[in-house]
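The lines below spell out each chain.
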Amino acid sequence: TWLPLRGAGIFKTDDGGNTWSQLSSTDTTDFHWVNDLIISPKDPERIYAATRTGVHLSENGGRSWSHLLDPEVNGGCLDLALRTDLAVDWLFASCGTFEQATIYRRRMAANEEWEAALSEPGMGRTSLAIAPSDQRVIYALSASIVPGPNGLFEDALHAVYRSTTGGSPGTWRVRVDNTDPVKLNTLLLTNPLGASYVECGEGEENSWTPMGWYCNVIAVDPTNPEVVWAGGVDLVRSDDGGRNWGLASYWFAKYPTRLPSYVHADQHAIVFHPDYDGVGVKTMFSASDGGIFRTDNPDAYIGQTEAAICDPGYSTITFSDLNHGFGITQFYHGAPFPDGAGYLGGTQDNGTILGFDQWG
């Protein structure tokens, strides 16, 4: 669980992303693994960082940091959510992976303390999302650290939780969990097709691939607190506050013919356009192991039946691929040909790539 693939701190741009420089204050072990960043809309100098050593705060644009929370759990803190509709920021932090996780919250005022808001037995890595249109509503998508039904759910879905009263302890309710009788509702953090090979006529046994430890993200439609998005291997959407889910994207919809519902596997971020209003502007972006994808009709029809798992045509959402020379593919290893002009590279979830130099 302690992967050596670390980062190099936090980088900042002052020219819209053309150039970047490292914040020297983050050239420390506290920032070798930075999992989430939030800039407070109340003060652009106030930055919250979730790292492997907990939650850190800068109040001067990253020039220096204070250590706010050290949960002393594997993975530290992996996700943050910030409630901004009150006079003082309320910060939520989800901490822990591969062992018992806890959601903490804190009113960011002098002398305030952290409180454990949710730590249900079996919760592993957990992602957070606050509804922009009603910030009393907050969702949590949790992976499991126990085997669950039929021993299939360790690192797959544990539960989706929701609080409608600001996330205080005792207000979180399970919206769906891995005991749900509707199979699709239990597949948020695994490969839906692999887990349904038998039902889809693709094999004689199903193959479960628990992925909640790796790809685990949740987001709420900016205009409707009942419309919730989640990402594991594929993108899914709920229109009833996380109770029932439908497949919005399909990683396998690329072969033999690429369909509009194709999005590369393993989702890590879901972001809505700043001007999203659900009517004139309905742009949503997702980031995965395959880069960045965009849709302008995220509210289109999707299927919630078992048949929808097998057929990518059930989703009428259209996604477009924004990866036009976007140089962020992660390479694990490479080797040149004897002439030095050609080479092979092995990538993260993007196959083996062949390249050639044009020298000489």
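Conventions adopted
Residues numbered from 1 in each chain as written. Predicted model: local features only at pLDDT ≥ 70, side-chain atom pairs only at ≥ 80, totals over all residues. Heavy atoms only, no water. Helix = DSSP H or I, 4+ residues; strand = E, 2+ residues; numbered from the N terminus. Rg over C-alpha atoms; globule rule 2.2 N^0.38 Å. Buried < 20%, exposed > 50% of the residue type's maximum accessible area, 1.4 Å probe, protein only. Contact = heavy atoms within 4.5 Å. Areas by Shrake-Rupley, 256 points an atom, 1.4 Å probe, with all protein chains shown as cover. Disulfide = S-S within 2.5 Å. Pairing = 2+ DSSP bridges. Axes fitted to C-alpha atoms, helices over the stretch in contact; angles between N-to-C directions.

1. Structural notes on the overall build of the chain
Secondary structure summary: the chain contains 1 helix and 25 strands in total. A globule of 360 residues ought to have a C-alpha radius of gyration of about 21 Å, and the chain, at 21 Å, matches this closely. Dimensions of the chain, computed from C-alpha atoms along their principal axes, come out at roughly 60 × 60 × 45 Å. Every one of the 360 residues in the chain was classed for burial, and the buried ones make up 49%. Within the chain, contacts between residues at least 6 apart in sequence are counted, and of these 45% link residues at least 24 apart. A total accessible area of about 16900 Å² is found for the chain, and carbon and sulfur atoms account for 52% of it.

2. Notes on unusual backbone geometry
With omega at -5°, the peptide bond leading from Tyr255 into Pro256 counts as cis. Position of Pro256 among the secondary structure elements: in the loop between β18 (246-247) and β19 (267-272). Despite not being glycine, Phe98 has its phi angle at roughly 65°, a positive value. The topology assignment puts Phe98 in the loop between β8 (90-95) and β9 (102-107). Although it is not a glycine, Asp266 sits at a positive phi angle of roughly 75°. Tracing the chain through its elements places Asp266 in the loop between β18 and β19. For Asp266, a relative accessible area of 7% gives the class buried.

3. Side note on the state of the cysteines
Applying the stated criterion across every chain yields a total of 2 disulfides. Paired through a disulfide, Cys77 and Cys95 show a sulfur-sulfur distance of 2.1 Å. In this structure, the disulfide formed by Cys77 and Cys95 twists by about 85° around the S-S bond and is classed as right-handed. You can see Cys77 sitting in strand β7 (residues 77-83) and its partner Cys95 sitting in strand β8, a full 18 residues away along the chain. Residue pairing for Cys200: its cysteine sulfur links by disulfide to Cys310, the two sulfurs lying 2.0 Å apart. One disulfide, between Cys200 and Cys310, carries an S-S torsion of -80° and so falls in the left-handed class. One end of the pair, Cys200, is in the loop between β14 (173-177) and β15 (217-220); the other, Cys310, is in helix α1 (residues 306-310), with 110 residues separating them in the sequence. Judged by relative accessible area, Cys200 falls into the buried class, the value being 17%.

4. Some points on the sheet that holds strand β25 (residues 352-356)
By definition, the strands of a sheet pair up through backbone hydrogen bonds, in either a parallel or an antiparallel sense. Strand order in the open sheet made by the 3 strands is β23-β24-β25, with antiparallel pairing throughout. What marks the edges here is a single partner per strand, and that holds for β23 (331-336) and β25. Geometrically, the sheet is characterised by an average inter-axis angle of 20° between neighbouring strands, direction not taken into account. Where β23 meets strand β24 (residues 342-347), 5 bridges bridge the pair, whose relative direction is antiparallel. Among the inter-strand pairings, His333 is bridged to a residue of β24, identified as Gly346.

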